[in-house]
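Single-letter residue listing:
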Amino acid sequence: MVEDFEKDQIIVDGNVVTYHNLKYFIVEINDKFRPDTFTQYDVLLLDVREESLLQYIISQVRSHLNPRVYLIPIFILNTTAYDETVINSLSDGTIPSINHLDQIDPKLLDIRARISRINHPKVLSFESQMINRTLNLMYTRGKKKLDPIPYFHSGIGYYYPELSVNFNHRDEITVLKILNTAEDEGLFQSEFHERVYLCNSCHSGYLNYREVCPKCNSSDATAQDLVHHFPCAYVGPIEDFQNSIDDQLDCPKCNKTLRHIGVDYDKPSVLYTCNSCHHRFQDYYTKAKCTTCGTENDVEHLVSKSIKRYIMTKKGESVAINGYINIEKQLETLSGTVTMEIFRVLLQYELQRLHNVGYQTNIGYLHVEKAAQVGGVLGLEKQKELMNDLVQVLKSNLNPSDFVSFYNSSTILFSFVGTDFEKAKSTITEMQSLASRLLTKSYEKVHIGLRMDIVSLKLGSEVDQSINSIVTPLTKM
Ligand SMILES: [Zn+2]
Ligand SMILES: [Zn+2]
Ligand SMILES: [Zn+2]
């Protein structure tokens, strides 16, 4: 009896609660919030009321790299449940206080049993990582459907909580690509839900649709009726017919007074006068101004994407448990590179991750000088082979977690994650001599000049800017 009593006891030690052999950690607002330390606990109890803070904490946990952190059960300590959909999707429930831990026991048991079944294979490609994380989170919560939530804070207007939580809103279009891939691989089935239109330049969904002057794009225009006088066939804006004394309308051409609409005159349409350039027009243009990057999009050039509901298939469920590695194999057999788009997202992701642990990261480049001349001598096939050979040299000298991308047919960019600058610099020198040796041996017909270097990414710097600062001088050579 005594043993049973002790087993059911709730032992509180500061923020740590022990109950039924599980360690609960109570997260409070005044805590130093360190998700890395959550690996020591079995369950998180969030004692936070403020919704945006709550959401921040949940997002940081669910987007953490360590499965022990991103899969951890999260319960909110509150007397009433939140009706915020994202908070609810990414947390596991609400209890009034720690005296009610017994209420969540069955759910916890189920989640923990499911978590224990999951394997975490080492996955190199970013897409695979994201697919695995999404499936893992869904599976451990017994969830089969991934529904898009209309969401104000989402860059594309819709949020798939388990996946979107890994992206900042500028990169959210990648969410749709990853879901497409997962569907193509048979992990999900989908149903059409909605169509969204995104900025052609930055893929943001925050657009301001306006009717604008076809000449100067200003949306500041005044509309007035166009009047058609039947007897003399004069057509002009109503102001041409008005006088300053009374409401009577007189035709400026024939001087007759207009009597009855429909009988001696009508108003066939509306005429707009631009208040900015004074241009007069009958049909305005519709433009969508992006409130994120400022681009003035023609509506026909907006990026149109379908937003779908996804349902996990049997294959998806099996992959949730065993891990997903297919895409990566495909990429590796292709050439071991990722697209520039993915490269940017990965770097951004790494920057954020490394920022949290106080590391820096570097981008390296390898550029083939006078590529057009080289191509002219070698021919297209041989030149492709050359670039592939160079990628192999890079890959064999980089960490498996580093990623390589073709910026264009003569420049390769690659990451040097978590390596300090000096060490990276010396690795570069080695790689360059290795690559040069390979070139003189395999491609004797032509002299191929290589330029290689690295640039360190400052914390908080923009990935796009850093890439441009590398590439711009190269294109001018
Ligand atoms: Zn007239
Ligand atoms: Zn105008
Ligand atoms: Zn934009």
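Residues numbered from 1 in each chain as written. Chains lettered and ligands numbered in written order. Predicted model: local features only at pLDDT ≥ 70, side-chain atom pairs only at ≥ 80, totals over all residues. Heavy atoms only, no water.

S.K.: Looking at this structure, I do not really get the layout of surface pockets. What am I missing?
M.R.: Computed from the structure, the largest pocket encloses a volume of approximately 1000 Å³. Forming the walls of the largest pocket are 33 residues, and the residues nearest its centre are S59, Q60, S63, V165 and Q352. Sorting the residues of the lining of the largest pocket by element identifies helix 2 (51-62) and helix 11 (340-357) as the ones contributing at least two each. No other element matches the 8 residues that helix 11 contributes to the lining of the largest pocket. Class assignment for the residues of the lining of the largest pocket results in 13 nonpolar, 15 polar and 5 charged. A volume near 620 Å³ is recorded for the second largest pocket. Lining the second largest pocket are 22 residues; nearest its centre among them are R170, D171, R344, Q348 and D464. Ranked by residues supplied to the lining of the second largest pocket, first place goes to helix 11 with 7 residues. Its residues assigned to classes, the lining of the second largest pocket shows 6 nonpolar, 10 polar and 6 charged. (1 Å grid on protein atoms, 1.4 Å probe; cavity = no way out; pocket = protein on both sides within 12 Å on 5 of 7 lines; lining within 4 Å. Points joined across faces, edges and corners; volume = space filled by probe spheres on them. Helix = DSSP H or I, 4+ residues; strand = E, 2+ residues; numbered from the N terminus. Nonpolar A, V, L, I, M, F, W, Y, C, P; charged D, E, K, R; others polar.)

S.K.: Even after reading the chapter, I still don't get unusual backbone geometry, so can you show me in this structure?
M.R.: Peptide bonds are mostly trans, and most non-glycine residues show a negative phi. With a phi close to 70°, N217 is a non-glycine residue in the positive phi region. Structurally, N217 can be placed in the loop between strand 11 (207-212) and strand 12 (221-229). N217 sits in the partly exposed class, given a relative accessible area of 27%. In the Ramachandran plot, N255 falls in the positive-phi region, its phi being about 65° despite a non-glycine side chain. By secondary structure assignment, the location of N255 is in the loop between strand 13 (234-237) and strand 14 (265-274). (Buried < 20%, exposed > 50% of the residue type's maximum accessible area, 1.4 Å probe, protein only.)

S.K.: What is the right way to read the coordination of the zinc ion (ligand 1) from this model?
M.R.: Perfect tetrahedral coordination of a metal by four donors corresponds to 109.5 degrees between them, and perfect octahedral coordination by six donors corresponds to 90 or 180 degrees. Taken together, H229 (ND1), C232 (SG), C251 (SG) and C254 (SG) make up the full set of protein donors to the zinc ion (ligand 1), lying 2.1 to 2.4 Å away. Considering all 4 donor atoms around the zinc ion (ligand 1), the spread of angles at the metal, 103 to 118°, places the coordination shape in the tetrahedral class. Taken in chain order, the donor set of the zinc ion (ligand 1) reads H-x2-C-x18-C-x2-C. Residue C232 is found in the loop between strand 12 and strand 13, and its partner C251 is found in the loop between strand 13 and strand 14; the two are separated by 19 residues along the sequence. This pair shows no difference in class: C232 is buried, exactly as C251 is. (Donors = N, O, S within 2.8 Å, 3.2 Å for Na, K, Ca; no water. Tetrahedral: all angles 85-135°; square planar, octahedral: opposite > 155°, others 65-115°.)

S.K.: Sorry if this is basic, but what is going on with the pattern of salt bridges here?
M.R.: Any two side chains of opposite charge can pair if their charged atoms end up close together. Within the structure shown, the criterion is met by 18 salt bridges. Of the charged contacts in the structure, one is a salt bridge between R141 and D92, with a shortest N-O distance of 2.8 Å. You can see R141 sitting in the loop between helix 6 (126-140) and strand 7 (145-146) and its partner D92 sitting in the loop between helix 4 (85-90) and strand 6 (93-95), a full 49 residues away along the chain. The residue E162 makes a salt bridge to K143 at a minimum N-O spacing of 2.7 Å. Note that E162 is positioned in helix 7 (residues 161-164) and K143 in the loop between helix 6 and strand 7, a separation of 19 residues in sequence. K143 sits in the partly exposed class, given a relative accessible area of 25%. (Salt bridge = Lys/Arg side-chain N within 4 Å of Asp/Glu carboxyl O.)

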